[in-house]
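# Overview (structure and organization)
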Number of protein chains: 2
Amino acid sequence: MATPDAYETLLDEYKRASNVSSASGVLSWDQQVTMPEGGTPARSKQLSTLSAVHHDIITGDTVADALAELEDADLTPEQAASVREIRREHERASAVPRDLVEQLSEASSDALPAWEQAREDDDFDHFAPHLETLVELRREYANEIDPDADPYAVLFADYEPYLDLSKAEAVLEELRDRLVPLVAAIQASDADLATPFDGEYSPEKQESVSRDLLDDLGYDWDRGRLDTSSHPFTSGNQFDTRITTRFQPEDPLDSIMSTVHEYGHAQYNLGLPREAFGTPLGDSRDLTVHESQSRFWENHVGRSEAFWDRHAGTLADAFDDDLSARDVYEAANQVYPDNLIRVEADELTYHMHIILRFELERDLISGDLAVEDVPEAWNEKMEEYLDVTPETDSEGCLQDIHWSHGNFGYFPTYSLGSVLAAQLDHTMREDLDVDALVRNGDFAAIREWLGERIHQHGQRYTTPELVEEATGEAFTADYFLDYAESKYEALYDL
Amino acid sequence: MATPDAYETLLDEYKRASNVSSASGVLSWDQQVTMPEGGTPARSKQLSTLSAVHHDIITGDTVADALAELEDADLTPEQAASVREIRREHERASAVPRDLVEQLSEASSDALPAWEQAREDDDFDHFAPHLETLVELRREYANEIDPDADPYAVLFADYEPYLDLSKAEAVLEELRDRLVPLVAAIQASDADLATPFDGEYSPEKQESVSRDLLDDLGYDWDRGRLDTSSHPFTSGNQFDTRITTRFQPEDPLDSIMSTVHEYGHAQYNLGLPREAFGTPLGDSRDLTVHESQSRFWENHVGRSEAFWDRHAGTLADAFDDDLSARDVYEAANQVYPDNLIRVEADELTYHMHIILRFELERDLISGDLAVEDVPEAWNEKMEEYLDVTPETDSEGCLQDIHWSHGNFGYFPTYSLGSVLAAQLDHTMREDLDVDALVRNGDFAAIREWLGERIHQHGQRYTTPELVEEATGEAFTADYFLDYAESKYEALYDL
């Protein structure tokens, strides 16, 4: 089949946009990892210019004309997938007037320091007017993109474009319905899991453990780095994907688990096809799929007994501690229902934190919840789901940065990613003896499986199609819930 | 005076271009300092897109129309200076056809690995055809910009736009005429300067010395960093300027001198007016002036006896060595005429290396020298100026990267910078007791003097105007030659 000229034009122009946005990614990594503090004013201007340049290319006539020409063109499935993704991005970007984009950008620039101050002072009222503005602007934004759709569904689609919000909502409800009683049972049990870590663990020793684990997992240092930042993250593409971690002196498992988590994100980027760099087929699917990769490695490998059979000794050597595999396994799977902070939550209660945020932000956008009522609603839900009440808003509704960025609809993808990770794990175990591979350090077989099922496809498939391709089934919460119940019932003798 | 709208439009558009190009600067820094090796393919594409975006903005209608409208506008001197700089950049960029720009970029991409290979194999013939192509393309490039001018003068103006080539040439001739005999006299003398460094000096200890010196010089770590790279360089703007160094185990003065040199470059960037960021008034003047700042700190501070009175102890402590101020001073000022490598040359013979390259590249561009004759011409000039002949082309005409980048006309600015540094030093000493300040570590007074005379002006003045502003005289080689002769005659008992 001859490739239409318009397709080549479209792809070239898209690559330009994509190069600009991956350049922005490097600047953001630098800002969080290496930039001296004083660099902020210059960096903000560089990033905002690049973002405007990207927007101009994506919404420009070259892209618009090529897309129009390709409306009924005869394309291969791969070409059609590229066009689908570019068209979607073009249409969404074109739908939002430039002055609304600027208002949003200004409002979140103003909101960020206000949120920081409010959190420091435990003063929600200081942040409330900013949150009010951001909620209103996001409603307008959703309305510009699709005036007939539920605004929250439109926002959610910024992060997860192909999974219906109703499907996502059903999954989250299932999680709530089965995890709330599981967590309650754990709270009521008198099982006593090991807590082998006490004292202080130096950043140097923690870093050396993280590097050893990454070596063993097969992280490609020729295309990656490990650094530290205030919040761990992963950034990059198939040629260069870097991860960060952070070190809590009293909790070495925090950095270890975050390293393994970010390794999963990195592995996805590094497994994207190189020849498709800068095009949708060389880019990762959206946040649910990305989070499934990090959660797979974190939870199904890093929190497994097999992993600690292999690596308790690595920790014992580095920390000069007496650590058994079983003790570390138990420590890595402790459930702490009285923890108030999402980013410190365990594998189970994490989802209660997400569901709470999802329910609140959905109601904020629909107007069913007023901004001023957020603290009370937050605390009530904490009580309902986790039987604990924050004493301050700093430990409650002010703890996350997302809303101050004007990001509503992002949180659910964290839980959906865990759900998908378990579905992939279930399917993988039909082909591979995962525990034996982990115990033997044969991670290549696992990497290759994920590479074939997920990474190599880029954005060839929509999320639901990709889940079907990879697992032979539709997206479902069943495997995650079965996994969670059986694992934690065993751990806590329920 | 009311600011014409066209001026605001022009400046906003120029800031966009400038933000894109400073973003490129961050990407290049990252490539040389932090990027994992495998990242090259993505980085090349990002940089080439940003460079094209920059070119499109500078040559675009918005800039062209605003410049046309401002042709006879009533502007303040500062506004007129901005317009002068933007017009110059616009005209030069617009003069060169896009396909010639691309040919040049491709030819240097091809030339770089060929040069690396040729240098490794000591095989000039492998590089020669690439050099041939680059010379031809640069002739075409010069011809597009100004068909009536000497092509080498046009190329030189890419690096030093406002100093006439004839003036530069006269200065370099004076240097040759007075330094060749000075170096010969040093070669003939039997003075025996101290060589107090032997053994191996660990990178950690060398780095700690560099950091201590930067602390003492007053480097603003809130707006800077020190890292390592294969060749030391400085990159950044008034909010964030970073320097690099490298460590030779057997020669600790190499990293120390390069740190002080790069500190001078950094100080210039950091002293540019913040409110003018992204405009010509917030950008540094060209390479001669930039090099004058690094050479001032390197040669007139870092190689002074006063500096080593202050800092011999810093080295003695770090290296646990017995080092007197006089010994380190002598070691920092050794002249090595038999050294073949420019980047390892001392303060005097350095200029012989530059003059040689200048004469060869000028003749290459004019056609008076054929590419195949470069090795012979190189060796003859080495013999003539330094009384030494390279045994291989790797240590001769293949040692520098510049020509493989297609950069002809760059080398002279290195010597011109040293010359200007000495002129500034002479003027400064009319106001300040520089040696006493250095001995007491009162570097702030020196920084402020340079800030007022040079840094704060950005591109407000052309290079000759700036030299006049700062020193009250036209650019001249006299002070440099007097300084060099009196310093080295004393050191070598001539």
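Since this is a predicted model, take the numbers as computed values, not measurements.

## A look at the domain arrangement of chain A
By a frequent convention, interface size equals the accessible area lost on bringing the separate parts together. Residues and elements named next belong to chain A. Domain annotation of chain A identifies domain 1 (1-95) and domain 2 (149-494). On a C-alpha basis, the centroid separation for the pair domain 1 and domain 2 is 29 Å. Facing the 19 residues of domain 1 at the interface are 24 residues of domain 2. When domain 1 packs against domain 2, close to 1,800 Å² is buried across both sides, 53% of that on carbon and sulfur atoms. Inspection of the domain 1/domain 2 interface yields three salt bridges. Contributing elements (two or more residues each) for the side of domain 1 that touches domain 2: α1 (5-33) and α4 (77-95). Residues belonging to the side of domain 1 that touches domain 2 are distributed by class as follows: seven nonpolar, six polar and six charged.

## Some remarks on the sheet that holds strand β1 (residues 226-228) of chain B
Residue and element names in this part refer to chain B. Taken in spatial order, the three strands make up an open sheet running β1-β3-β2, and their pairing is mixed. Each edge of the open sheet is held by one strand with a lone partner, namely β1 and β2 (234-237). Averaged over all adjacent pairs, the angle separating strand axes in this sheet is 25°, with direction ignored. In this structure, β2 lies alongside strand β3 (residues 240-245), joined through four bridges in antiparallel fashion. Along β3, the bridge assignment pairs Asn 237 with Asp 240. Along the sheet, helix α10 (residues 252-270) makes contact with β2 and β3, crossing β3 at roughly 165°.

## So, helix α3 (residues 61-69) of chain A
Residues and elements named next belong to chain A. Of the positions making up α3, those classed as buried are Val 63, Ala 66 and Leu 67. Around the axis of α3, the buried residues are gathered within 100° of arc, so they sit on the same side. Looking at α3, the residues exposed on the side facing more than 90 degrees away from the buried face are Asp 61 and Glu 69. Residues of α3 that are buried sit in contact with α1, α2 (40-59) and α4.

## A look at the packing of helix α7 (residues 151-159) of chain B against helix α14 (residues 349-366) of chain B
Residue and element names in this part refer to chain B. Relative orientation of the contacting elements α7 and α14 amounts to 125°, with a least axis distance of 8 Å. As judged from the angle between their axes, α7 and α14 are oblique. In this structure, α7 uses Pro 151, Tyr 152 and Leu 155 to contact α14, whose residues at the interface are Phe 358, Glu 361, Arg 362 and Ile 365. Of the residues that constitute the contact of α7 with α14, the class distribution is five nonpolar, no polar and two charged.

## Side note on the UniProt feature "binding site: Zn(2+)" (unreviewed entry) in chain A
All names here are of chain A. Residues annotated in UniProt with the feature "binding site: Zn(2+)" (unreviewed entry) correspond here to His 261, His 265 and Glu 291. These annotated residues cover 31 residues of sequence, and their C-alpha atoms all fall within 8.9 Å of one another, placing them together at a single site. In this fold, His 261 is placed in helix α10 (residues 252-270). Once residues lying within four places of it in the same chain are set aside, the contact partners of His 261 are Glu 291, Ser 294, Arg 295 and Glu 298. For Glu 291, the location among the structural elements is in helix α11 (residues 287-302). The class of Glu 291 is buried, set by a relative accessible area of 6%. Apart from residues no more than four positions distant in its own chain, Glu 291 is found in contact with His 261, His 265, Thr 413, Tyr 414 and Gly 417.

## Comments concerning the environment of Ala 470 of chain A
All names here are of chain A. By the secondary structure assignment, Ala 470 is in helix α19 (residues 463-471). What makes Ala 470 buried here is its relative accessible area of 1%. Taking C-alpha positions, Ala 470 is 9.5 Å from Trp 449, a pair spaced 21 residues apart along the chain. Each residue touching Ala 470, except ones within four places of it in the same chain, is listed here: Leu 424, Thr 427, Trp 449, Arg 453 and Ile 454.

About the cut-offs
- Sequence order as written defines residue numbering, which begins from 1 separately in each chain.
- As a convention, the first chain written is A and the first ligand written is 1, with the rest following in written order.
- Per-residue local features of the predicted model are confined to residues with pLDDT of at least 70, and side-chain atom pairs are confined, for both listing and counting, to 80 or more; whole-chain, interface and lining totals are unaffected and use all residues.
- The basis for the side-chain values is all heavy atoms of the structure; hydrogens and waters are excluded.
- For each domain, the first and last residues come from an automatic or database assignment.
- In what follows, a contact means two residues having at least one pair of non-hydrogen atoms within 4.5 Å.
- A 1.4 Å probe defines the accessible area here, and the buried area is the portion of it lost by two parts on being joined, summed over both.
- By definition, a salt bridge exists where a carboxyl oxygen of Asp or Glu is found within 4 Å of a side-chain nitrogen of Lys or Arg.
- Numbering of helices and strands starts at the N terminus; helices are DSSP runs of H or I of at least 4 residues and strands are runs of E of at least 2.
- Three classes are used, and their members are as follows: Ala, Val, Leu, Ile, Met, Phe, Trp, Tyr, Cys and Pro are nonpolar, Asp, Glu, Lys and Arg are charged, and the others, Gly among them, are polar.
- A strand pair is defined by DSSP finding two or more bridges across the two strands.
- To obtain an axis, a line is fitted to C-alpha atoms, over the contacting stretch when the element is a helix, and the angle between two such axes runs from 0 to 180 degrees between their N-to-C directions.
- The classification of residues rests on relative accessible area computed with a 1.4 Å probe and restricted to protein chains. Under 20% of the type maximum is buried, over 50% is exposed, and intermediate values are partly exposed.
- Our arc is simply the arc of the directions from the helix axis toward the C-beta atoms.
- When describing relative orientation, an angle under 35 degrees is termed roughly parallel and one over 145 degrees roughly antiparallel, while 65 to 115 degrees is termed roughly perpendicular and anything else oblique.
- UniProt positions are given in the numbering used here, feature names are shortened, and annotations may be inferred rather than shown by experiment.

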